[in-house]
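Given next are the chains, with one letter for each unit.
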Amino acid sequence: MTSPANRKLHIPRDDHDDYGDDIIKKRQSYFESFTDGKLNHVGKYSIDPDKLKGNIEHFIGVAQVPIGIAGPLVIDGEHAKGEFVVPLATTEGTLVASYNRGMKLLNMSGGVKATVVDDAMQRAPVFIFSDARGARDFVTWVNQNISKIREEAESTSSIAKLTYIDHFLSNKFAFLRFNYLTGDAAGQNMVGRATFAACGWILDNYEGIENFYLESNFATDKKASQINIMRTRGKRVTAEATIKREHLLQIMRVEPKQIDYHGRVAGVGSFLSGVNNTGLHSPNGITAMFIATGQDVANVAESSAAIMYSELTDDGDLYVSITIPSLIVATYGGGTGMGTQRECLELIDCYGKNKVYKFAEIVAAVALAGEISLASAISSSDWVSSHEQYGRNR
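Residues numbered from 1 in each chain as written. Predicted model: local features only at pLDDT ≥ 70, side-chain atom pairs only at ≥ 80, totals over all residues. Heavy atoms only, no water.

**Student:** Please clarify how the overall build of the protein chain should be interpreted in this entry.
**Tutor:** Across its full length, the protein chain holds 13 helices and ten strands. A principal-axis box enclosing the C-alpha atoms of the protein chain has dimensions of 70 × 60 × 40 Å. Accessible area for the protein chain stands at about 19300 Å²; split by element, carbon and sulfur atoms hold 51% of it. (Helix = DSSP H or I, 4+ residues; strand = E, 2+ residues; numbered from the N terminus. Areas by Shrake-Rupley, 256 points an atom, 1.4 Å probe, with all protein chains shown as cover.)

Structure representation (structure tokens):
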């Protein structure tokens with residue numbers, strides 16, 4: 001390690017062009033000298049650094065995550081229709097193979113039906129009063145002035161649409177949960193600006209507010225929460241399929257009743273643990289798709305929530321359904337426009353405007369494929385042997 005006395009105190013930057021080749025090389029050299037190491041891979045990339053403004057600071061290179069493909073998967077959505085081969089970025093052995101196996105099974109029984117059932121992005125300010133009555137009366141006034149509040153919020157964006165405001169009263173606090181439609185963007189920054197403008201008008205026009213914070217931690221941004229499971233954050237989307245008994249036996253070597261019974265036992269485990277997901281591993285596929293397509297990966301904290309359900313049909317087949325109540329995805333803005341990320345979105349025809357519902361349906365369908373694959377492996381005791389053959393245990 002370089003001695004502290006010989007180190008530069010600050011990371012090199014250029015106030016005029018901080019994404020040029022010269023300053024990037026200076027930062028790479030600084031990092032190497034600081035750590036006495038070498039950047040043999042980090043500094044090799046095909047993207048244009050100048051297009052990363054707003055996405056990364058102190059840029060020195062890229063983290064390369066392997067991408068595999070799974071599919072095709074037949075999807076019958078309202079926005080995603082047809083066959084899709086999906087990119088999955090991961091370093092977990094067996095993941096791509098497992099999802100691919102699940103897709104093969106689902107295709108044999110006609111594919112997956114996918115439906116977006118709700119859409120909302122939040123910012124949740126809190127207003128503080130001298131007593132509980134003041135908070136209660138304030139909420140009444142907010143409801144009476146919703147049209148003007150909506151006008152102020154929507155003046156900040158041509159995309160954000162304020163649909164409704166939830167209110168929650170506790171002690172002397174009035175928590176307002178502003179709910180928006182945000183088009184093809186995930187929208188957290190967009191709704192922050194809109195809510196700030198609306199709250200500015202509220203502060204100017206209502207007396208008695210002792211304090212105010214734009215975010216009360218009640219939107220639960222990038223945190224798992226029960227309210228997002230109940231009330232939706234991002235897209236609420238369901239994927240469902242009925243799988244023929246003979247197909248389960250042929251591909252997975254398992255009976256429908258074995259998977260159904262295991263699901264009920266695992267439901268007890270979910271309840272006891274307090275987990276936000278009654279399925280097995282939907283965040284695996286969601287995270288792999290997020291990395292491949294330039295989503296904000298921290299949103300997996302909310303997007304990890306899932307409600308899995310199964311039942312045996314009168315014919316002895318297996319109906320399976322997964323609802324993801326807080327899937328936060330984008331097909332425009334953020335990291336979706338960069339190099340490999342945009343390329344992966346384009347390959348599934350999900351880059352750009354008016355594509356976010358299509359992408360949400362694909363993500364949910366992929367998650368269902370992963371659930372049925374792992375559920376089958378566990379129920380047939382094939383799980384460990386698969387990892388021994390394909391995964392890190394080999």
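**Student:** Would you take a moment to explain the nonpolar core for this structure?
**Tutor:** Grouped together as the largest cluster of nonpolar side chains are 52 residues, with contacts concentrated most on Val-86, Leu-88, Leu-327, Ile-362 and Val-366. Of the residues forming this core, the biggest block, 13 residues, is contributed by helix α12 (residues 356-379). Sequence-distant contacts of Val-366, that is, excluding residues within four places in its chain, are made with Leu-73, Val-86, Leu-88, Tyr-99, Met-103 and Met-289. Met-121, Leu-176, Cys-199 and Ile-202 belong to the second largest nonpolar core, which has 31 residues in total. (Core = buried A, V, L, I, M, F, W, Y, C linked by side-chain atoms within 4.5 Å. Buried < 20%, exposed > 50% of the residue type's maximum accessible area, 1.4 Å probe, protein only. Contact = heavy atoms within 4.5 Å.)

**Student:** Whenever I open this one, the side chain of Arg-27 confuses me. Can you help?
**Tutor:** The topology assignment puts Arg-27 in helix α1 (residues 21-35). What Arg-27 contacts, discounting residues up to four positions off in sequence, is Ile-11, Pro-12, Arg-13, Asp-18, His-58, Phe-59 and Ile-60.

**Student:** Would you mind going over helix α11 (residues 339-347) with me for this structure?
**Tutor:** Quick reminder: α-helices carry 3.6 residues per turn. Residues three or four places apart thus point the same way. All of the buried residues along α11 are Gln-341, Cys-344 and Leu-345. Burial along α11 is one-sided: seen end-on, the buried residues are contained in an arc of 100 degrees. Here the buried face of α11 lies against β1 (67-77), β2 (81-89), α9 (282-293) and α12. Looking one or two residues beyond α11, the residue adopting positive phi is Asp-349, at roughly 55 degrees. (Arc of directions from axis to C-beta.)

**Student:** Is there a simple way to explain helix α5 (residues 188-205) in this structure?
**Tutor:** For α5, built from 18 residues, the straight-helix expectation of 26 Å at 1.5 Å per residue is met to within 8% by its first-to-last C-alpha distance of 26 Å. Within α5, burial applies to Gln-188, Met-190, Val-191, Gly-192, Ala-194, Thr-195, Ala-198, Cys-199, Trp-201 and Ile-202. Looking at the buried side of α5, the elements it contacts are β3 (112-123), β4 (126-128), α3 (132-144), α4 (146-154), β6 (173-181) and β7 (211-213). (Expected span 1.5 Å × (residues − 1).)

**Student:** How should the environment of Ala-186 be read in this particular structure?
**Tutor:** Tracing the backbone shows Ala-186 in the loop between β6 and α5. Residues Ala-186 and Lys-235, spaced 49 residues apart in sequence, show a C-alpha to C-alpha distance of 9.5 Å. In contact with Ala-186, not counting residues within four places along its chain, are Met-121, Ile-328, Val-329 and Ala-330.

**Student:** Any chance you could explain a negative patch on the surface here in plain terms?
**Tutor:** A cluster of acidic residues, Asp-17, Asp-21, Asp-22 and Asp-48, forms a negative patch at the surface. Along the chain, Asp-48 falls in the loop between α1 and β1. (Patch = residues over 30% accessible without salt bridge, like charges linked within 9 Å, V, L, I, M, F, W, Y side chains within 5 Å. Salt bridge = Lys/Arg side-chain N within 4 Å of Asp/Glu carboxyl O. Lys, Arg positive; Asp, Glu negative; His and termini not counted. Charge placed at Lys NZ, Arg CZ, Asp CG, Glu CD.)

**Student:** Explanation requested: the environment of Gly-294 in the structure shown.
**Tutor:** Looking at where Gly-294 falls in the secondary structure, it is placed in the loop between α9 and α10 (300-303). Note on Gly-294: relative accessible area 11%, which makes it buried. A sequence separation of 90 residues divides Gly-294 from Asp-204, and the C-alpha atoms of the two residues are 39 Å apart. Ignoring any residue separated from it by four or fewer positions in sequence, one finds Gly-294 in contact with Gly-335, Thr-336 and Gln-341.

**Student:** How should I be thinking about the pattern of salt bridges in this particular structure?
**Tutor:** When the charged atoms of two side chains with opposite charge come close together, those side chains can pair. By the definition in use, this model includes 21 salt bridges. With a closest N to O distance of 3.3 Å, Asp-15 and Arg-13 form a salt bridge. Here Asp-15 falls in the exposed class, since its relative accessible area comes to 67%. The exposure class of Arg-13 is partly exposed, given its relative accessible area of 47%. When salt bridges with common partners are traced through the structure, they connect Arg-13, Asp-15, Asp-18 and Arg-27 into a single cluster.

**Student:** What should I look at first to understand the environment of Ala-239 in this one?
**Tutor:** In this fold, Ala-239 is placed in strand β8 (residues 234-243). According to the relative accessible area criterion, Ala-239 is buried, its value standing at 0%. Sequence spacing of Ala-239 and Val-112 is 127 residues, and the spatial spacing of their C-alpha atoms is 6.4 Å.

Spatial relationships are all this shows, so hold off on functional conclusions.
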